[in-house]
Amino acid sequence: MNVLNFVHAFFSDGTHWHGYDGIPVRVWEHIQFTLEALAIAAAIGLPVGLVTGHYGRGGNVLALIATAGRALPSFGLLVLLFILLGFGMVPVMIPLVVLAIPPILVTTYEAVRSVDPSPVDAARGMGMQESRILFRVELPVALPLILSGLRSAAIQIVSTATIAAYVSLGGLGRYIIDGLYQRNYEKVVGGATLVAVMALVTLALFWAVARFTVSPGVRRSA
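As a starting point, this report considers the structure included with it.

**Quick word on the overall build of the protein chain**
Here comes step 1: The helix and strand tally for the protein chain stands at ten helices and zero strands.
Here comes step 2: The secondary structure elements of the protein chain, listed N-terminal to C-terminal, are α-α-α-α-α-α-α-α-α-α.
Here comes step 3: On the principal axes, the C-alpha backbone points of the protein chain span a range of 65 × 40 × 25 Å.
Here comes step 4: Taking all 222 residues of the protein chain together, the buried fraction comes to 45%.
Here comes step 5: Residue pairs in contact within the protein chain that sit at least 24 positions apart in sequence constitute 76% of those at least 6 positions apart.

As C-alpha coordinates, then:
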(Lines give C-alpha, C1' and ligand atoms only; values in the text may rest on other atoms or scores of the structure.)
Protein backbone atom coordinates (compact mmCIF):
# COMPACT_ATOMS: atom_id res chain seq x y z
CA MET A 1 0.00 0.00 0.00
CA ASN A 2 1.61 3.27 -1.07
CA VAL A 3 1.40 6.64 0.66
CA LEU A 4 -1.44 7.94 -1.53
CA ASN A 5 -3.53 4.89 -0.68
CA PHE A 6 -2.88 5.51 3.03
CA VAL A 7 -3.96 9.13 2.62
CA HIS A 8 -7.12 8.18 0.74
CA ALA A 9 -8.04 5.49 3.25
CA PHE A 10 -7.55 7.85 6.20
CA PHE A 11 -9.61 10.73 4.86
CA SER A 12 -12.35 8.54 3.37
CA ASP A 13 -12.96 6.81 6.70
CA GLY A 14 -16.01 8.48 8.23
CA THR A 15 -14.97 7.59 11.78
CA HIS A 16 -12.04 9.99 11.48
CA TRP A 17 -14.40 12.96 11.08
CA HIS A 18 -16.48 12.57 14.22
CA GLY A 19 -16.04 12.33 17.99
CA TYR A 20 -13.30 13.45 20.36
CA ASP A 21 -10.62 11.93 18.10
CA GLY A 22 -12.09 13.34 14.90
CA ILE A 23 -10.10 15.49 12.47
CA PRO A 24 -11.96 18.77 13.26
CA VAL A 25 -11.27 18.37 17.01
CA ARG A 26 -7.59 17.50 16.53
CA VAL A 27 -7.05 20.31 14.02
CA TRP A 28 -8.63 22.84 16.40
CA GLU A 29 -6.43 21.59 19.27
CA HIS A 30 -3.35 21.97 17.06
CA ILE A 31 -4.40 25.48 16.07
CA GLN A 32 -4.81 26.40 19.74
CA PHE A 33 -1.31 25.13 20.59
CA THR A 34 0.13 27.07 17.65
CA LEU A 35 -1.66 30.35 18.34
CA GLU A 36 -0.88 30.32 22.05
CA ALA A 37 2.82 29.54 21.57
CA LEU A 38 3.17 32.07 18.73
CA ALA A 39 1.44 34.79 20.77
CA ILE A 40 3.74 34.25 23.76
CA ALA A 41 6.86 34.13 21.58
CA ALA A 42 5.81 37.29 19.71
CA ALA A 43 5.06 39.10 22.98
CA ILE A 44 8.64 38.39 24.04
CA GLY A 45 10.57 38.55 20.78
CA LEU A 46 8.95 41.51 19.01
CA PRO A 47 9.46 44.20 21.69
CA VAL A 48 13.03 43.11 22.40
CA GLY A 49 13.87 42.93 18.69
CA LEU A 50 12.29 46.30 17.93
CA VAL A 51 14.01 48.16 20.78
CA THR A 52 17.44 46.60 20.30
CA GLY A 53 17.19 47.07 16.53
CA HIS A 54 16.21 50.71 16.92
CA TYR A 55 19.12 51.53 19.22
CA GLY A 56 21.55 49.18 17.47
CA ARG A 57 22.70 47.51 20.64
CA GLY A 58 22.69 43.92 21.84
CA GLY A 59 23.09 42.24 18.47
CA ASN A 60 25.74 39.82 19.70
CA VAL A 61 23.67 38.93 22.75
CA LEU A 62 20.61 38.27 20.59
CA ALA A 63 22.66 36.07 18.27
CA LEU A 64 23.87 34.08 21.28
CA ILE A 65 20.34 33.69 22.63
CA ALA A 66 19.07 32.61 19.21
CA THR A 67 21.84 30.04 18.83
CA ALA A 68 21.14 28.64 22.30
CA GLY A 69 17.40 28.49 21.59
CA ARG A 70 17.90 26.63 18.33
CA ALA A 71 20.34 24.21 19.96
CA LEU A 72 17.87 23.08 22.63
CA PRO A 73 16.14 19.83 21.62
CA SER A 74 12.39 20.43 21.85
CA PHE A 75 11.51 16.83 22.66
CA GLY A 76 14.22 16.51 25.31
CA LEU A 77 13.08 19.77 26.91
CA LEU A 78 9.48 18.55 26.84
CA VAL A 79 10.36 15.31 28.65
CA LEU A 80 12.44 17.15 31.26
CA LEU A 81 9.69 19.68 31.96
CA PHE A 82 7.07 16.95 32.09
CA ILE A 83 9.11 15.14 34.76
CA LEU A 84 9.59 18.37 36.73
CA LEU A 85 6.15 19.96 36.30
CA GLY A 86 3.86 17.04 35.58
CA PHE A 87 0.91 16.90 33.22
CA GLY A 88 -0.39 20.13 31.70
CA MET A 89 0.07 22.73 29.01
CA VAL A 90 3.14 24.41 30.54
CA PRO A 91 5.59 21.57 29.67
CA VAL A 92 4.35 21.76 26.07
CA MET A 93 4.26 25.55 25.71
CA ILE A 94 7.79 26.19 26.98
CA PRO A 95 9.59 24.14 24.27
CA LEU A 96 7.38 25.63 21.55
CA VAL A 97 7.98 29.18 22.74
CA VAL A 98 11.71 28.58 23.09
CA LEU A 99 11.72 27.27 19.51
CA ALA A 100 9.76 30.24 18.17
CA ILE A 101 11.53 33.14 19.88
CA PRO A 102 14.89 33.02 17.96
CA PRO A 103 13.50 33.61 14.44
CA ILE A 104 11.19 36.37 15.68
CA LEU A 105 13.87 38.04 17.80
CA VAL A 106 16.73 37.95 15.31
CA THR A 107 14.63 38.76 12.23
CA THR A 108 12.96 41.72 13.95
CA TYR A 109 16.33 43.08 15.05
CA GLU A 110 17.81 42.71 11.56
CA ALA A 111 14.68 44.18 9.95
CA VAL A 112 14.90 47.39 11.95
CA ARG A 113 18.66 47.65 11.53
CA SER A 114 18.30 47.32 7.74
CA VAL A 115 16.07 50.39 7.43
CA ASP A 116 17.64 53.24 5.42
CA PRO A 117 19.09 55.65 8.02
CA SER A 118 18.30 58.76 5.94
CA PRO A 119 14.58 59.06 6.86
CA VAL A 120 15.42 58.11 10.44
CA ASP A 121 17.96 60.92 10.69
CA ALA A 122 15.49 63.31 9.08
CA ALA A 123 12.83 62.38 11.63
CA ARG A 124 15.27 63.00 14.47
CA GLY A 125 16.20 66.32 12.93
CA MET A 126 12.52 67.30 13.00
CA GLY A 127 12.43 66.57 16.73
CA MET A 128 10.33 63.40 16.50
CA GLN A 129 10.36 61.21 19.62
CA GLU A 130 12.27 57.92 19.47
CA SER A 131 9.11 55.85 19.95
CA ARG A 132 7.41 57.66 17.06
CA ILE A 133 10.47 57.16 14.88
CA LEU A 134 10.36 53.45 15.61
CA PHE A 135 6.65 52.97 14.94
CA ARG A 136 6.06 55.60 12.25
CA VAL A 137 9.30 55.44 10.24
CA GLU A 138 11.17 52.19 10.86
CA LEU A 139 8.38 49.68 11.52
CA PRO A 140 6.46 50.18 8.23
CA VAL A 141 9.66 49.61 6.23
CA ALA A 142 10.80 46.68 8.39
CA LEU A 143 7.37 45.00 8.42
CA PRO A 144 7.93 42.53 5.51
CA LEU A 145 11.02 41.06 7.16
CA ILE A 146 9.35 41.03 10.58
CA LEU A 147 6.44 39.08 9.11
CA SER A 148 8.87 36.61 7.59
CA GLY A 149 10.27 35.95 11.08
CA LEU A 150 6.77 35.42 12.47
CA ARG A 151 5.97 33.14 9.53
CA SER A 152 9.09 31.06 10.14
CA ALA A 153 8.24 30.75 13.84
CA ALA A 154 4.65 29.76 13.07
CA ILE A 155 5.74 27.04 10.65
CA GLN A 156 8.17 25.63 13.20
CA ILE A 157 5.47 25.59 15.87
CA VAL A 158 2.96 23.88 13.56
CA SER A 159 5.52 21.19 12.74
CA THR A 160 6.73 20.71 16.32
CA ALA A 161 3.42 20.93 18.21
CA THR A 162 2.96 17.24 17.48
CA ILE A 163 5.15 16.63 20.55
CA ALA A 164 2.12 17.47 22.73
CA ALA A 165 0.85 13.97 22.04
CA TYR A 166 3.89 12.48 23.83
CA VAL A 167 2.52 13.81 27.13
CA SER A 168 -1.04 12.66 26.46
CA LEU A 169 -2.36 15.94 25.08
CA GLY A 170 -4.20 16.33 21.79
CA GLY A 171 -3.44 17.91 18.46
CA LEU A 172 -2.51 16.26 15.19
CA GLY A 173 0.41 14.51 16.86
CA ARG A 174 -2.19 12.24 18.44
CA TYR A 175 -2.67 10.49 15.09
CA ILE A 176 1.07 10.02 14.60
CA ILE A 177 1.83 8.76 18.11
CA ASP A 178 -1.23 6.53 18.38
CA GLY A 179 -0.73 5.27 14.84
CA LEU A 180 2.86 4.26 15.55
CA TYR A 181 1.85 2.54 18.79
CA GLN A 182 -1.00 0.68 17.06
CA ARG A 183 1.06 0.07 13.90
CA ASN A 184 -1.72 1.82 12.03
CA TYR A 185 0.29 3.51 9.29
CA GLU A 186 -2.84 4.85 7.66
CA LYS A 187 -3.31 7.03 10.76
CA VAL A 188 0.37 8.01 10.85
CA VAL A 189 0.38 9.16 7.22
CA GLY A 190 -2.96 10.90 7.67
CA GLY A 191 -1.71 12.84 10.67
CA ALA A 192 1.51 13.81 8.91
CA THR A 193 -0.49 14.96 5.88
CA LEU A 194 -2.69 17.17 8.07
CA VAL A 195 0.40 18.76 9.64
CA ALA A 196 1.84 19.46 6.17
CA VAL A 197 -1.46 20.96 4.99
CA MET A 198 -1.64 23.17 8.09
CA ALA A 199 1.90 24.39 7.40
CA LEU A 200 0.91 25.31 3.83
CA VAL A 201 -2.22 27.08 5.08
CA THR A 202 -0.04 29.03 7.53
CA LEU A 203 2.20 30.15 4.66
CA ALA A 204 -0.87 31.28 2.71
CA LEU A 205 -2.25 33.21 5.70
CA PHE A 206 1.01 35.10 6.22
CA TRP A 207 1.15 35.89 2.50
CA ALA A 208 -2.35 37.34 2.76
CA VAL A 209 -1.47 39.33 5.88
CA ALA A 210 1.58 40.78 4.12
CA ARG A 211 -0.54 41.77 1.11
CA PHE A 212 -2.94 43.75 3.31
CA THR A 213 -0.53 45.22 5.87
CA VAL A 214 2.61 46.09 3.89
CA SER A 215 2.35 49.24 1.81
CA PRO A 216 2.73 48.75 -1.97
CA GLY A 217 5.83 50.95 -2.10
CA VAL A 218 7.60 48.81 0.50
CA ARG A 219 6.54 45.61 -1.29
CA ARG A 220 7.98 46.85 -4.60
CA SER A 221 11.29 47.81 -3.03
CA ALA A 222 11.60 44.58 -1.02
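**Quick look at unusual backbone geometry**
Glycine aside, residues mostly have negative phi, and peptide bonds are mostly found in the trans state.
Here comes step 1: The phi angle at Arg183 is positive, at roughly 55 degrees, despite the residue not being glycine.
Here comes step 2: Assignment of secondary structure puts Arg183 in the loop between helix 8 (173–182) and helix 9 (185–213).

**Looking at the layout of surface pockets**
Here comes step 1: Considering only enclosed or pocket space, the largest pocket measures out at about 280 Å³ in volume.
Here comes step 2: Around the largest pocket, the lining comprises 14 residues; the ones closest to its centre are Leu35, Leu38, Thr202, Leu205 and Phe206.
Here comes step 3: Secondary-structure elements contributing two or more residues to the lining of the largest pocket are helix 2 (23–55), helix 7 (130–160) and helix 9.
Here comes step 4: It is helix 9 that provides the largest number of residues to the lining of the largest pocket, a total of six residues.
Here comes step 5: A breakdown of the residues in the lining of the largest pocket according to their chemical character gives twelve nonpolar, two polar and no charged.

**Things to note about the side chain of His30**
Here comes step 1: On the secondary structure map, His30 appears in helix 2.
Here comes step 2: Of the residues examined, His30 reaches a relative accessible area of 0% and is grouped as buried.
Here comes step 3: Side-chain polar atoms of His30 contact the backbone nitrogen of Leu172, separated by 3.1 Å.

**Some thoughts on helix 9**
Here comes step 1: Over its 29 residues, helix 9 runs 42 Å from end to end, which matches the ideal 42 Å to within 8%, given 1.5 Å per residue.
Here comes step 2: Taken together, the buried positions of helix 9 are occupied by Glu186, Lys187, Val188, Val189, Gly190, Gly191, Leu194, Val195, Met198, Ala199, Thr202 and Phe206.
Here comes step 3: Close packing links the buried residues of helix 9 with helix 1 (3–12), helix 2, helix 7 and helix 8.

**Points about helix 1**
Here comes step 1: Turning to helix 1, its buried residues number three or more, namely Phe6, Val7, Ala9 and Phe10. Along the axis of helix 1, the buried positions cluster into a sector of 165 degrees, meaning they face one direction only. Away from its buried face, by an angle of more than 90 degrees, helix 1 presents the exposed residues Leu4 and His8.
Here comes step 2: Elements that come into contact with the buried residues of helix 1 comprise helix 2, helix 8 and helix 9.
Here comes step 3: For helix 1, the N-terminal capping position is held by Asn2, with its side-chain oxygen 3.2 Å away from the main-chain nitrogen of Leu4.

Criteria and thresholds
- Residues numbered from 1 in each chain as written.
- Predicted model: local features only at pLDDT ≥ 70, side-chain atom pairs only at ≥ 80, totals over all residues.
- Heavy atoms only, no water.
- Helix = DSSP H or I, 4+ residues; strand = E, 2+ residues; numbered from the N terminus.
- Buried < 20%, exposed > 50% of the residue type's maximum accessible area, 1.4 Å probe, protein only.
- Contact = heavy atoms within 4.5 Å.
- 1 Å grid on protein atoms, 1.4 Å probe; cavity = no way out; pocket = protein on both sides within 12 Å on 5 of 7 lines; lining within 4 Å.
- Points joined across faces, edges and corners; volume = space filled by probe spheres on them.
- Nonpolar A, V, L, I, M, F, W, Y, C, P; charged D, E, K, R; others polar.
- Polar contact = N/O pair within 3.5 Å; in protein donor to acceptor, adjacent residues only side chain to side chain.
- Expected span 1.5 Å × (residues − 1).
- Arc of directions from axis to C-beta.

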